[in-house]
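Per-entry structural report
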Amino acid sequence: MNWLTNYIRPKIRALVSSRPETPDNLWTKCPNCEAMLFHRDLEANLHVCQHCGHHMRLSPTKRLAMLFDDGKYETIELPKPAVDPLKFRDTERYTDRLKKAQTKTGASDAIVVAHGKMGGSDTVVAAFDFGFMGGSMGMAVGEGLVAAAKLAVMQHAPLVVVPASGGARMQEGILSLMQMPRSIIAVEQVKDAGLPYIVVLTDPTTGGVTASFAMLGDIHIAERGSQIGFAGARVIEETIRETLPEGFQRAEYLLDHGMVDVVVVRKDLRETLIRTLGHLMGGAHPAPVEIVVDPADLAAAASIEGEPAYRA
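Residues numbered from 1 in each chain as written. Predicted model: local features only at pLDDT ≥ 70, side-chain atom pairs only at ≥ 80, totals over all residues. Heavy atoms only, no water.

The chain is annotated in an unreviewed UniProt entry as Acetyl-coenzyme A carboxylase carboxyl transferase subunit beta from Inquilinus limosus. Its UniProt record gives the chain a comment under Pathway (unreviewed entry), which states: "Lipid metabolism; malonyl-CoA biosynthesis; malonyl-CoA from acetyl-CoA: step 1/1." Check the Function (unreviewed entry) section of the UniProt entry for the chain; it says "Component of the acetyl coenzyme A carboxylase (ACC) complex. Biotin carboxylase (BC) catalyzes the carboxylation of biotin on its carrier protein (BCCP) and then the CO(2) group is transferred by the transcarboxylase to acetyl-CoA to form malonyl-CoA." (UniProt positions renumbered as here; feature names shortened; annotations may be inferred.)

1. Side note on the side chain of His115
One can find His115 in strand β4 (residues 111-118). Judged by its relative accessible area of 18%, His115 is buried. Looking at His115, its side chain comes within polar contact range of the side chain of Gln155, at 3.3 Å. Among residues more than four places away in sequence, those in contact with His115 are Phe68, Tyr73, Glu74, Ile76, Thr123, Val124, Leu151 and Gln155. (Helix = DSSP H or I, 4+ residues; strand = E, 2+ residues; numbered from the N terminus. Buried < 20%, exposed > 50% of the residue type's maximum accessible area, 1.4 Å probe, protein only. Polar contact = N/O pair within 3.5 Å; in protein donor to acceptor, adjacent residues only side chain to side chain. Contact = heavy atoms within 4.5 Å.)

2. Let's talk about the sheet that holds strand β7 (residues 197-201)
In spatial order, the strands read β3-β4-β5-β6-β7-β8-β9; together these seven strands make up an open sheet with mixed pairing. Among the strands making up the open sheet, the edge pair consists of β3 (74-75) and β9 (262-264). Sheet topology note: the strand β5 (residues 121-128)/strand β6 (residues 159-162) ladder contains four bridges and is parallel. Its bridge partner being in β6, Ala127 is matched across the sheet by Val162. Across the sheet, helix α3 (residues 60-67) lies against β4, β5, β6 and β8 (219-223), angled at about 160° from β5, the strand it touches most. Where helix α5 (residues 139-155) meets the sheet, it contacts β4, β5 and β6, and its direction lies at approximately 20° from that of β4. (Pairing = 2+ DSSP bridges. Axes fitted to C-alpha atoms, helices over the stretch in contact; angles between N-to-C directions.)

3. Side note on the packing of aromatic side chains
Per the stated rule, a full pass over the model turns up four aromatic pairs. Taking the centre distance of 5.8 Å and the plane angle of 25° together, the rings of Phe128 and Phe213 count as stacked. One end of the pair, Phe128, is in strand β5; the other, Phe213, is in the loop between α8 (207-210) and β8, and 85 residues separate them in sequence. For Arg57, the ring lying beneath its charged end belongs to Phe130, and the centroid distance is 4.2 Å. (Phe/Tyr/Trp six-rings, centres within 6.5 Å; stacked < 30°, edge-to-face > 60°. Lys NZ or Arg CZ within 6 Å of the ring centre and 35° of its normal.)

4. A few points about empty space enclosed by the protein
Considering all chains together, one arrives at three cavities of 30 Å³ or more under this definition. The computed volume of the largest cavity comes to approximately 60 Å³. Lining the largest cavity are His55, Met56, Arg57, Leu58, Arg63, Phe130, Ala164, Thr202, Asp203, Glu223 and Arg266. For the lining of the largest cavity, the residue count by class is four nonpolar, two polar and five charged. (1 Å grid on protein atoms, 1.4 Å probe; cavity = no way out; pocket = protein on both sides within 12 Å on 5 of 7 lines; lining within 4 Å. Points joined across faces, edges and corners; volume = space filled by probe spheres on them. Nonpolar A, V, L, I, M, F, W, Y, C, P; charged D, E, K, R; others polar.)

5. Some remarks on the environment of Asp69
Mapped onto the secondary structure, Asp69 falls in the loop between α3 and β3. We classify Asp69 as buried; its relative accessible area is 17%. As for Asp69 and Gly119, which are separated by 50 residues in sequence, their C-alpha atoms are 6.4 Å apart. Apart from the residues lying within four places of it in its own chain, the contact partners of Asp69 are Lys117, Met118, Gly119, Gly120 and Arg270. One polar contact links the side chain of Asp69 to the main-chain amide nitrogen of Gly120, over a distance of 2.8 Å.

Encoded structure:
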């Protein structure tokens, strides 16, 4: 019997294996400045790099918790359209891609519609999940936007949409492109009801999303540094055969050129929304004003005009 093999080695293995493993998600590298960020500091700073100010992408769950009062809100169940109506396949089946995205995000598709109180007032928010197939807009997203608009009208509440998308979903072809006019009609329903429609442009907002509902807001608020545009910068450069200016398609560039109304850092987004919605909703239901008229004034007015002051 070898005492090193049979006694000492098992003791060492037991000692090593009993040590708690270090979680692999304690640190995150900033994609902009590559600084290592401790996960608690990153959470406390709303997933904004404290070194360079880079705004990282947020999941709808974190986004909604950040916007609503006390992080409390309710989501609605969205209509379920036909799955893979075109039987699309590239390197893998579209249905397989959907299942992978659903397993990864825990969501049924790239949009979440929620309602709750924001600054004490009822508000409907539709938030995109870029982690779900790049936040691409297919039939499910179109259904979500229509449902959000109907909910806003029903509750007589403003609608806030937070896109984070690469554009239309190629696996659904023309059915995906049809969601562009559908989303525009949904926006018009909100506006026809006299309700505010606010778009919070986040990184990235591109393609068919930009070409439809994302640029129809009464007010456009953009997070700092967000990429906002239709075609990619490389495609544009190859088309016009010119070098694009620095910062092209970024929120600050669009602000300077009148495409965005305000650029905010994430910590100020909620207060900016509350203040903006307060201004827009303030005149929606003016308080009744009681007018007291002295009968003597009525008689005087009648004598001046030569007509009765009022008619039955």
